[in-house]
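# Tertiary structure, described
Chain by chain, the residues run as shown.
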Amino acid sequence: MKPLLTVLTQIHRPAVYVTNSRFLSSGASSGLLPLRDDAPIVGSSRELVQRLGSQVEVRTDFITEKEEAAFLQELESGLKKKRYEFDHWDDGSQLLGPVHVIDLDKTGYIKPHIDSVKFCGSTIAGLSLLSDSIMRLVKDDSPSEWLDLLLSRRSLYILRDQARYNFTHEILKDEESVFNGQRVPRRRRISVICRNLPG
């Protein structure tokens, strides 16, 4: 997994944060509150977006097309040996190990879940390959509180602390894949997920 190690050393790249953000007015017809007009995160309220601002990151163009091709070349041989498991929680095929790889068909999606504290610590990071998609976070005990993350192809998302423990996360179905009023068509998507160890 040399490409993964190379990419993970780049985590120092600037992230999208809530500071200096510009929100839509509360009277906006969509009701969505983005961090900025071009920001990849929208939420149910300004307060929620601000409260989780340091715990949810999306870093667009985190890797180059060449780096994505190197990942795919390395992953494809292992993924070809797997079959899609439509009765599994993520409707995809997986390669498990120190790094978790999920291969979702265009029609696949990941159902709402919170990763088990037995296997994962306070941080989850995922690299999105091949397709744009929408990740939705919903507060476990208050479904009216949510964030949508636009995970563009070659982006990296990071969930920490409260966003990781108190919110379910899911990848929306293709027919539900809408971000801030804009349709985001889904294709096959491979995600490379890294988690820190519980401690």
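Description of the structure in this document. (Residues numbered from 1 in each chain as written. Predicted model: local features only at pLDDT ≥ 70, side-chain atom pairs only at ≥ 80, totals over all residues. Heavy atoms only, no water.)

Moving on, we come to the overall build of the chain. In terms of helices and strands, the chain carries four helices and 14 strands. Looking at the chain as a whole, 50% of its 199 residues are labelled buried. Taking as baseline every contact in the chain between residues at least 6 positions apart, the subset at least 24 positions apart corresponds to 70%. Approximately 10,000 Å² of the chain is accessible, and the part contributed by carbon and sulfur atoms is 52%. (Helix = DSSP H or I, 4+ residues; strand = E, 2+ residues; numbered from the N terminus. Buried < 20%, exposed > 50% of the residue type's maximum accessible area, 1.4 Å probe, protein only. Contact = heavy atoms within 4.5 Å. Areas by Shrake-Rupley, 256 points an atom, 1.4 Å probe, with all protein chains shown as cover.)

Turning to the packing of aromatic side chains, a few remarks are in order. Within the structure shown, the criterion is met by zero aromatic pairs. Above the face of the tyrosine 109 ring, lysine 173 is positioned so that its terminal group lies 4.7 Å from the ring centre. (Phe/Tyr/Trp six-rings, centres within 6.5 Å; stacked < 30°, edge-to-face > 60°. Lys NZ or Arg CZ within 6 Å of the ring centre and 35° of its normal.)

Glancing now at the pairing of strand β8 (residues 133-139). Burial analysis of β8 places six of its seven residues in the buried class, which makes it a mostly covered element. Bridge count between β8 and strand β9 (residues 142-151): seven bridges; the pairing is antiparallel. By the bridge assignment for β9, leucine 137 is matched with leucine 147. Adjacent in sequence and paired antiparallel, β8 and β9 are bridged by two residues. Pairing of β8 with strand β11 (residues 167-171) involves five bridges; the strand directions are antiparallel. Directly across from valine 138, in β11, lies its bridge partner threonine 168. (Pairing = 2+ DSSP bridges.)

Tracing the chain through its elements places aspartate 103 in strand β5 (residues 100-104). Here the side chain of aspartate 103 touches arginine 188 through a polar contact of 2.9 Å, side chain to side chain. (Polar contact = N/O pair within 3.5 Å; in protein donor to acceptor, adjacent residues only side chain to side chain.)

This next bit is on the side chain of glutamate 170. Following the sequence through the fold, glutamate 170 ends up in strand β11. For the buried residue glutamate 170, which engages in no salt bridge, the nearest side chain bearing the opposite charge is arginine 136, 5.4 Å off. When neighbours within four sequence positions are excluded, glutamate 170 is seen to be in contact with Ile110, Lys111, Pro112, Ile134, Met135 and Arg136. (Lys, Arg positive; Asp, Glu negative; His and termini not counted. Salt bridge = Lys/Arg side-chain N within 4 Å of Asp/Glu carboxyl O.)

As a further point, take the environment of serine 191. As for its position among the elements, serine 191 is in strand β14 (residues 189-195). With 64 residues separating them along the chain, serine 191 and leucine 127 place their C-alpha atoms 5.4 Å apart. Sequence-distant contacts of serine 191, that is, excluding residues within four places in its chain, are made with His100, Val101, Ile102 and Leu127.

With that settled, the discussion passes to helix α3 (residues 65-80). For α3, with 16 residues, the first-to-last C-alpha span of 21 Å sits near the 22 Å given by 1.5 Å per residue. Listing the buried residues of α3 in full gives Glu67, Glu68, Phe71, Leu72, Leu75, Gly78 and Leu79. (Expected span 1.5 Å × (residues − 1).)

Of all hydrophobic cores here, the largest spans 22 residues; its most connected members are Val56, Met135, Leu137, Leu147, Leu149 and Tyr157. Contributions of two or more residues to this core are made by α2 (46-51), β3 (56-59), β5, β8, β9, β10 (156-160) and β11. The leading source of residues in this core is β9, at three residues. (Core = buried A, V, L, I, M, F, W, Y, C linked by side-chain atoms within 4.5 Å.)

Side chains bearing opposite charge may pair, as long as their charged atoms lie close to each other. Enumeration according to the criterion identifies 13 salt bridges in this entry. The closest approach of N and O atoms between glutamate 57 and arginine 160, which form a salt bridge, is 2.6 Å. One end of the pair, glutamate 57, is in strand β3; the other, arginine 160, is in strand β10, and 103 residues separate them in sequence. Taking relative accessible area as the criterion, arginine 160 reaches 22% and is therefore assigned partly exposed. Put simply, arginine 188 and aspartate 103 hold a salt bridge, and the shortest N to O gap is 2.9 Å. Within this pair, whereas arginine 188 is found in the loop between β13 (182-183) and β14, its partner aspartate 103 is found in strand β5, the two being separated by 85 residues in sequence. For arginine 188, a relative accessible area of 27% puts it in the partly exposed group. Residues joined in a network through salt bridges with shared partners are Glu65, Glu68, Arg153 and Arg154.

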